[in-house]
Structures are given as C-alpha cells and as structure tokens.
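Examining the three-dimensional arrangement
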Amino acid sequence: MALRKLRYESDEALRKVAKPVKEITESIQVLLDDMVETMRHKEGVGLAAPQVGVLRRVVVIEYKDTLYELINPEIIESSGSQKKSEGCLSLPGKSGIVERPEYVKVKALNRLGEEIVIEGTESLARIFCHELDHLDGILYTDKAISMDDDENYEDDYEDE
Ligand code: CO
C-alpha cells in the first residue's frame, strides 16, 4: 500500500467526469488499497479516485468503523432533504452548508466484482452524495447554499 498524492482546488482532475471501471484488475485493487490508506492518513471519511488524479469511478468511505469500497457506484433511490456543513480533503480549511437527500440507496460493485446495495441516512447519505459528485467533476462548493465563515470553522463537519 502507498499514499497517493491528493489533488487540490483548481486541479483539472477534480473537474473531469470519471470513466466506469470495466474490469476489476489488480491495479484497481491496488488503487482501492492506496485510497483507503490515503483517506486514513488525511483523517477523512471519504475519498474519490479523481481526488488522487485517477479518472475512474471508484470511491472509498469509512464511517462509524465501516469501510465501503465502491466501484461504479450509482444512486438508485433517494428521499427527503437535509442541510448540513460539509468539507472536502481537496479544499482544505473550508466548509459550507449543502442540501442533500436524507436517505439514499447506492448500488455498486465491491472489490470482488459482486453487486452490492447499501442504504445510508443522515451523515452517510451526505457522504455518498459528496463522493459520487466527485466522479462527475462536481465539488460541494458548486452546490453550497452558504460557506461557513471562520467563526464557524470548528463546527462539526468531516472532510470527504
Ligand atoms: Co470531497
């Protein structure tokens, strides 16, 4: 396993639409391992492959001690809404309020190529939406209703 270099701010990799994974090769498994290591090193709760400069539809999330490794993830159902503060590992030192669904159902492949369906509510629903947006070149700042000012910076949010 190895740490991957994070892409920040105006890096063009963050603005590209990532391509689906056609075959789960060893290099995809190495990518997953490296992304998990990089996410943990940065103390984030989620990381999408474009954030390490790889334009493939691959996401890792670690939330409440559960690790999700998602290949070609898609939101297949969503409902409700919530407005909470979000941050992003690619935009350090910032956070902003984003409206997201309260509930999402995600379909993806795991590292073995098996189809999995996961449901998330509250924070987990937000993390799914935030990471899947990265695969389409969308940053949370595109959707933010407002950005937090410095006084609120210590608010409860996590980097994704
Ligand atoms: Co992010």
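Position numbers for residues start from 1 in each chain and track the written sequence from start to end. Side-chain atom pairs in this predicted model are given and counted only at pLDDT of 80 or more, local residue features only at pLDDT of at least 70, and totals for whole chains, interfaces and linings cover all residues. As a rule here, side-chain values cover all heavy atoms of the structure and leave hydrogens and water aside.

Looking at the pattern of salt bridges
Between side chains of opposite charge, pairing is possible as soon as their charged atoms come close. Each reported salt bridge corresponds to a side-chain nitrogen of Lys or Arg within 4 Å of a carboxyl oxygen of Asp or Glu. Going through the model one piece at a time under the given rule, you end up with 13 salt bridges. As a salt-bridge pair, aspartate 11 and arginine 7 come within 3.3 Å of each other at their nearest N and O atoms. The classification of residues rests on relative accessible area computed with a 1.4 Å probe and restricted to protein chains. Under 20% of the type maximum is buried, over 50% is exposed, and intermediate values are partly exposed. Of the residues examined, aspartate 11 reaches a relative accessible area of 21% and is grouped as partly exposed. Classification of arginine 7 by relative accessible area gives partly exposed; the value is 29%.

Thoughts on the environment of glutamine 51
Tracing the chain through its elements places glutamine 51 in the loop between strand 1 (46–48) and strand 2 (58–63). Classification of glutamine 51 by relative accessible area gives buried; the value is 0%. We call two residues in contact whenever any of their non-hydrogen atoms come within 4.5 Å of each other. Setting aside its immediate chain neighbours within four residues, glutamine 51 contacts Lys5, Leu6, Arg7, Leu14, Gly46, Cys88, Leu89, Ser90, Glu131, His134 and Glu160. A run of H or I in DSSP counts as a helix once it spans at least four residues, and a run of E counts as a strand once it spans at least two, with each numbered from the N terminus.

Let's talk about helix 2 (residues 122–135)
Taking 1.5 Å per residue, 14 residues should reach 20 Å; helix 2 reaches 21 Å between its end C-alpha atoms and fits that length. A large share of helix 2 lies buried, amounting to 13 of its 14 residues. Where helix 2 ends, the next residue or the one after it, glycine 137, has phi of about 75°, a positive value. One less than the number of residues in a helix, times 1.5 Å, gives the span that helix is expected to have.

Here we look at the sheet that holds strand 4 (residues 82–86)
Strand pairing follows a simple DSSP-based rule, namely that at least 2 bridges must link the two strands. Taken together, the three strands give an open sheet; going across it, the order is 4-5-8, and neighbouring strands pair in antiparallel fashion. The sheet is open, and its two borders are formed by strand 4 and strand 8 (146–147), each paired with just one other strand. One ladder, built from two bridges, connects strand 5 (residues 96–100) with strand 8; its direction is antiparallel. Bridge pairing in strand 8 places isoleucine 97 opposite serine 146. Under this scheme, a helix contributes an axis fitted over its contacting stretch, all axes are lines through C-alpha atoms, and angles between N-to-C directions fall in the 0 to 180 degree range. Along the sheet, helix 2 makes contact with strand 4 and strand 5, crossing strand 4 at roughly 65°.

Regarding the pairing of strand 2
Where burial is concerned, most of strand 2 is hidden: five out of the six residues are buried. Where strand 1 and strand 2 come together, three bridges link them in antiparallel fashion. From the neighbouring strand, leucine 47 faces strand 2, where its bridge partner is valine 60. As defined by bridge partners, strand 2 adjoins strand 3 (residues 66–79) across six bridges and the pair is classed as antiparallel. Bridge pairing in strand 3 links valine 58 to isoleucine 71. Linking two consecutive strands that pair antiparallel, namely strand 2 and strand 3, is a turn of two residues; a positive phi of about 50° is found at lysine 64 within it.

Regarding unusual backbone geometry
Even without being a glycine, glutamate 43 presents a positive backbone phi close to 55°. By the element assignment, glutamate 43 lies in the loop between helix 1 (26–41) and strand 1. Judged by relative accessible area, glutamate 43 falls into the exposed class, the value being 70%. Here the phi dihedral of lysine 64 falls at roughly 50°; this positive angle occurs in a residue that is not glycine. Within the fold, lysine 64 resides in the loop between strand 2 and strand 3. Take lysine 64: its relative accessible area is 69%, and that puts it in the exposed class.

Distances and angles like these do not, on their own, reveal function.
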